[in-house]
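Here is how the chains run, residue by residue.
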Amino acid sequence: MEDLDRRIVTLLATDGRRSFTDLAKDTGLSVSAVHQRVRRLQERGAIRGFRAEIDHDAAGLPLTALISIAPFDASAPDDIPDRLRHLTQIESCYSVAGDENYVLTVRVASPAALEDLLARIRSAAAVTTRTTVVLSTPWQNRSVLTDLTD
């Protein structure tokens, strides 16, 4: 990725609503050149979309948990993500190395809702679970791209 494209991606990762005019000022390009670069970055898949950052507490989902899962039968087909896709409380599903096969990030309203979700995960995917409840989140979703202005 070219330095200018990396700069644009970094700026958008910090503020996905940044205008083309502001991007042009920050990069020294024309507005039309920035627009073309952003469009090409989207076409190449470097930018997959623009999303709202949600305050989960305000949205009624204050409890975050990380759930590690492993199948009961290690020889069973590995279709766990497909079996769990319908559970909307699951925010992300990571395939991992180690004792478990996947780690899920989930958001729910209460401990009772987490208990219910765990039962539905176990039933839907025939897995064992190990759960870690998040107490606080000092930061998350930060861009790991190097800011080229420093």
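These figures come from a predicted structure and were not determined experimentally.

1. Points about the side chain of Thr64
Inspection of the secondary structure puts Thr64 in strand β1 (residues 63-71). When its relative accessible area of 9% is taken as the criterion, Thr64 is described as buried. A polar side-chain atom of Thr64 sits 2.8 Å from a polar atom in the side chain of Arg107. Discounting chain neighbours no more than four positions away, the residues touching Thr64 are Thr105, Val106, Arg107, Thr132, Val133 and Val134.

2. Overview of unusual backbone geometry
In this structure, Ala126 takes a positive phi of about 55° despite not being glycine. Mapped onto the elements of the fold, Ala126 is located in the loop between α5 (111-125) and β4 (127-133).

3. Description of the pairing of strand β2 (residues 90-95)
Where β2 lies against strand β3 (residues 102-108), five bridges are found, and the strand directions are antiparallel. Along β3, the bridge assignment pairs Ser95 with Tyr102.

4. Observations concerning the sheet that holds β4
Strand order in the open sheet formed by four strands is β2-β3-β1-β4, with antiparallel pairing between adjacent strands. Unpaired on one side and paired on the other, β2 and β4 mark the two borders of the sheet. Each neighbouring strand pair of the sheet contributes to a mean axis angle of 20°, computed without reference to strand direction. Relative to β4, β1 runs antiparallel, the two being bridged by seven bridges.

Conventions and cut-offs
- Residues numbered from 1 in each chain as written.
- Predicted model: local features only at pLDDT ≥ 70, side-chain atom pairs only at ≥ 80, totals over all residues.
- Heavy atoms only, no water.
- Helix = DSSP H or I, 4+ residues; strand = E, 2+ residues; numbered from the N terminus.
- Buried < 20%, exposed > 50% of the residue type's maximum accessible area, 1.4 Å probe, protein only.
- Polar contact = N/O pair within 3.5 Å; in protein donor to acceptor, adjacent residues only side chain to side chain.
- Contact = heavy atoms within 4.5 Å.
- Pairing = 2+ DSSP bridges.
- Axes fitted to C-alpha atoms, helices over the stretch in contact; angles between N-to-C directions.

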